[in-house]
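Architecture at a glance
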Amino acid sequence: MWVLPSGKSWTDAARYVVLGVAALVSLWFWLIPLMKWRGTLYILTTKRVHMRVGFVNKTGRSIPLARINDISFAASLWERIIRCGTHKIESASEQSLLTLKHIPDPEGLKRTIYEAMDGDQEHRYGAEERISRSR
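The text that follows walks through the structure, step by step, so that each part is easy to find. Please read all numbers here as calculations on a predicted model, not as lab measurements. All chains use their own residue numbering, which begins from 1 and follows the written sequence. Only residues with pLDDT of 70 or above have their local features reported here, since the model is predicted, and side-chain atom pairs are shown and tallied only from 80 upward, although totals for entire chains, interfaces and linings are computed over all residues. Processing note: side-chain calculations cover all non-hydrogen atoms of the structure and skip hydrogens and water entirely.

**Section: the overall build of the chain**
Starting at the N terminus, helices and strands are each numbered in turn, a helix being any DSSP run of H or I of at least four residues and a strand any DSSP run of E of at least two. Of regular secondary structure, the chain possesses 3 helices and 6 strands. Secondary structure elements of the chain occur, N-terminal to C-terminal, as α-β-β-β-β-α-β-β-α. Exposure categories follow from relative accessible area, calculated using a 1.4 Å probe and restricted to protein chains: below 20% of the type maximum is buried, above 50% is exposed, and the middle band is partly exposed. When each of the 135 residues of the chain is scored for burial, the buried share is 21%. Across the chain, every contact between residues at least 6 apart in sequence was considered, and the portion connecting residues at least 24 apart equals 29%. Calculation of accessible area relied on Shrake-Rupley with a 1.4 Å probe; when residues are assessed, cover is drawn exclusively from the protein chains displayed. Of the roughly 10500 Å² of accessible surface on the chain, a fraction of 59% belongs to carbon and sulfur atoms. Here, two residues are considered to be in contact whenever any of their heavy atoms come within 4.5 Å of each other.

Structure representation (C-alpha cells):
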C-alpha cells in the first residue's frame, strides 16, 4: 500500500485489489509451505522407515530396513546454515527411491539409519543362528 501513488487516481477498489494480491502471494509463499512442512512426518523404527505426507489428504510410504540399498544426502549452502538437508533412500522395491526433504542433522540421521540396519541384521541373523542350533 505504501508504494501506491497517493492521490485521486487510485480508488479504494484498486487498493483492495493490491491487498488481495498481497494476501494471495503470502499464502503461496508462506502458508502453503508451512502446511506442507507441518503435514509431513518421518518415522524411523527398528524395522522400517516411514514417511507420511499430507494435511487433508494423507499418503504414506514405508521401506523395510532390510531392503535399503543406499542412503545419500545433500545439503545446499542455505541448508547447511540452518542445519538441514535432503535424504535419498534407495531400496530394492518397485518404487526404489524415497526422498526425505528438510531433515535436521542429515549426517546424524544417516548414521542412525545405518545403526538400525545393523541392529536389524544382527537380530535376523542371530535368530536364524539360534534356529539352526536348535535343530
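**Some details on helix α1 (residues 12-38)**
Multiplying 1.5 Å by the helix residue count minus one yields the expected span of that helix. Helix length check: α1 (27 residues) gives 37 Å between terminal C-alpha atoms against 39 Å at 1.5 Å per residue, within 8%. Roughly 40° is the biggest bend found in α1, and it falls at L27. The angle separating two fitted axes, one through the seven residues that finish at a residue and one through the seven that start at it, defines the bend at that residue.

**Observations concerning the pairing of strand β2 (residues 48-53)**
The pairing of strand β1 (residues 40-44) with β2 spans 5 bridges and is classified as antiparallel. From the neighbouring strand, L41 faces β2, where its bridge partner is R52. Pairing between two strands is assigned when DSSP locates at least 2 bridges connecting them. Where β1 hands over to β2, the hairpin turn is made up of 3 residues, counted between the paired strands. One ladder, built from 6 bridges, connects β2 with strand β3 (residues 59-64); its direction is antiparallel. Considered in β3, the bridge of M51 is made with R61. Counted along the chain from β2 to the antiparallel partner β3, the turn is 5 residues long, and its residue G54 has a positive phi close to 130°.

**Description of the sheet that holds strand β4 (residues 68-74)**
The 3 strands are arranged β4-β5-β6 in an open sheet whose pairing can be described as antiparallel. Either end of the sheet is taken by a strand with one partner, and the two such strands are β4 and β6 (97-104). For this sheet, the mean inter-axis angle between neighbouring strands, taken without regard to orientation, is 20°. When β4 meets strand β5 (residues 84-91), the two strands line up antiparallel, connected through 6 bridges. Note on β5: the bridge partner recorded for S72 is K88. Orientation is described by axes fitted as lines to C-alpha atoms, over the contacting stretch for helices, and by angles from 0 to 180 degrees between their N-to-C directions.

**Regarding the environment of D118**
Looking at the element boundaries, D118 is found in helix α3 (residues 106-134). Given a relative accessible area of 41%, D118 falls into the partly exposed group. The spatial distance from the C-alpha of D118 to the C-alpha of L65 is 9.1 Å, given a sequence separation of 53 residues.

**As for the sheet that holds β3**
In space, the 3 strands of this open sheet follow the order β1-β2-β3, with antiparallel pairing throughout. The two strands at the open ends of the sheet, each matched to only one other strand, are β1 and β3. Taking the axes of each pair of neighbouring strands and ignoring which way they run, one obtains an average angle of 10° across the sheet.

**Section: the side chain of T86**
Along the chain, the position of T86 falls in strand β5. If near-sequence neighbours (up to four positions away) are discounted, T86 is found in contact with S72, F73, A74, E79, T99, L100, K101 and H102.

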